[in-house]
Amino acid sequence: MDFAKIKKYPNQISTAFKRFPLAVAFAIFTTIAFLIVCESFNIPSEQSARFLLWLAIYPIAAMFIALDTSLVQEALKNRNPKIQAITGIAWFVISWLIVLYPNTLNDYEMSQTIGALVFIYTTIFLGLFVAPFFKQKNENAFWVHLTKTVKSLVVATIVAGLLLLAMELLFLGFFGLFGFTDPSERPFLYIFIFCTSTILPLLFFSTLPTIDECLETTPTSSKFVTSICQFLFIPVLAVSLALFYCYILKFFITQDIPYEVIIWLVVTFMVFMLALNIVMYPSRLNPNPTLEKKVLEIFPIAIFPLVLLMTLSIFQFMSDEMDELAIYLIATNVFFYIAIAILLIKKIECKSKYMAIAFCTILLIVCVGPLSAPNIIDYVWQDKIKNELTKQGYTEFPLNEASTEKFIQTLRNNNDPDSRKVLSYMLSISNSGKASVSKYFSTERSLEDIDRLVRDAMDKEASEDTTEIFDTFEAKISNVNQNALQIPQGVKKAFFIDLDFDSDDFQYRGDTLSFLITITDDKDTSIHSTYDFRVTKQELQIDSLNIIETDSAIIGIRELRTEQWSKTGQSLRIDGLLFIK
């Protein structure tokens, strides 16, 4: 670290106030907003909760929007305050719309809100590097700005971290000096918020390069960076690609293709290759043929077949079940095709600009609107539910309550996996308010009443059960919001499970629940393994229970529901992970 530059910080900070006045104001406001959020832990009403949510999401984005706008104005030589006012007011209105729009109990509206925030924050961050040089005909100024900005951020983070440590130790020493043996945590939390929310941005703003400086500087890499790329990163990527192709050949020969592994390895290679292209940009400017320049041309071509293989792997991955992850992987795959095309087309000079535009466009599509990942999954399940209804002979919708209960009862009695999945999905969205699915059913509270209808179906089974009624037992365990599915040590395989057990696959023996899970080999269906699990009723009453273990397998519980209302009237559903030791 250059300590001579650190001594200049007071001067540079005063310059930052003049250069980015609105961004500095929002940096100070960010600390105030976070302190209010911390002090308002006990939320008295939903309106207060929404205001606190606004305080949490508005200031940081407002600070970066002000910074982006100032840099663009600096590039355009335009200091008109109206531009800052327009962008500031626009984000203020949008932020309140985002906060006021969702019903917190509606999963769909919450997913749209989170998607909008992800898109906005990502676009603002990329705009910091791309927007000021959008009209430039090459990437020279962009690259200089990017490298110097990253360097400024690293230095500012280190200095802010040292200041944070010094202030925390100072307060700790102060408390010790005056005999406070158990000091409050609040002063230390406030110091952390102040250093990260105000001091860090101020230091960062103070060392940002000017636009003219970026335009006048010729992109050059340091000897250290060039050597690292030439003798470490390029050989590592080349050898890794060669090994990956060898493994792919082996997988196809043995017909044992780990599709998920292939997907994530291709994602890793692409991210590494794109980063290498940015870091080694000065090599592309060299008029003479060099090894680095040739490598930058070869890598996109070498990775293209792997991106094709990723496409095939995603479709294979989707063959069992389509979920939101599959949609995000498809979007990532499409971006990779666009990125490789941009890298290979020599006429495109500003490659990073077009890649950023493509990335933000794809992100907008999959996060917000009719083609967002949650909407696509909703369309798929809507079609599956309609097909199941048609299969059972229903042609007029919505069903009345009696028909809905009969439909659910049929799903429960069917042994085929599709019926079980449809019923599980209907239960999972019972509080989501997805009208596109609930339009098939007419109950007192639409899909929110599905859970009650399932219970009515169970009660009907119980009333038809002629065995002796005895003390009922019910257990519900949910670890959805907890980190309960950590991979245990000594595990060789893992399977996602979402099982609605048949009565033959589990039973209560006194105070013990025992059940069987059978795993069939993908290549040879005649090969299967069965695991016998046992758990006591006392253990099932523990809300924090997150695993059920045998000598050879472990179940990581995401959700578990079981009920026993007579000697033969019983149900069991488990959602989670099965780990094979």
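Computed from a prediction, not measured in an experiment: that's the story for all the values here.

Criteria and cut-off values
Residues numbered from 1 in each chain as written. Predicted model: local features only at pLDDT ≥ 70, side-chain atom pairs only at ≥ 80, totals over all residues. Heavy atoms only, no water. Phe/Tyr/Trp six-rings, centres within 6.5 Å; stacked < 30°, edge-to-face > 60°. Helix = DSSP H or I, 4+ residues; strand = E, 2+ residues; numbered from the N terminus. Buried < 20%, exposed > 50% of the residue type's maximum accessible area, 1.4 Å probe, protein only. Pairing = 2+ DSSP bridges. Expected span 1.5 Å × (residues − 1). Contact = heavy atoms within 4.5 Å. Patch = residues over 30% accessible without salt bridge, like charges linked within 9 Å, V, L, I, M, F, W, Y side chains within 5 Å. Areas by Shrake-Rupley, 256 points an atom, 1.4 Å probe, with all protein chains shown as cover. Salt bridge = Lys/Arg side-chain N within 4 Å of Asp/Glu carboxyl O.

1. With respect to the packing of aromatic side chains
The final tally for this structure, using the stated rule, is 21 aromatic pairs. Ring centres of F335 and F359 lie 5.4 Å apart, and the angle between their planes is 75°; on these two criteria the pair is classed as edge-to-face. Remark: F359 occurs in helix 15 (residues 351-367) and F335 occurs in helix 14 (residues 324-344); sequence separation between them is 24 residues. A relative accessible area of 11% means that F335 is categorised as buried.

2. What to know about the pairing of strand 8 (residues 570-580)
Among the eleven residues that make up strand 8, eleven are buried, leaving the element largely enclosed by the rest of the structure. Of the pairings in the sheet, the one linking strand 2 (residues 493-500) to strand 8 comprises eight bridges and is antiparallel in character. By the bridge assignment, D500 is partnered in strand 8 with R573. Where strand 7 (residues 553-566) lies against strand 8, eleven bridges are found, and the strand directions are antiparallel.

3. A short note on helix 11 (residues 259-279)
Helix length check: helix 11, at 21 residues, gives a terminal C-alpha distance of 31 Å against a target of 30 Å (1.5 Å per residue), a fit within 8%. Every buried residue belonging to helix 11 is among I262, I263, V266, V267, F269, M270, M273, L274, L276 and N277, and all of these are buried. Against the buried residues of helix 11 lie helix 10 (223-254), helix 12 (281-285), helix 13 (291-317), helix 14 and helix 15.

4. Side note on a nonpolar patch on the surface
On the surface, a cluster of nonpolar side chains totalling about 410 Å² of accessible area is made up of F17, I28, I32, I36 and F51. Among the elements that make up the nonpolar patch, the one with the highest residue count is helix 3 (residues 21-39) (three residues). Mapped onto the elements of the fold, I36 is located in helix 3. Take I36: its relative accessible area is 35%, and that puts it in the partly exposed class.

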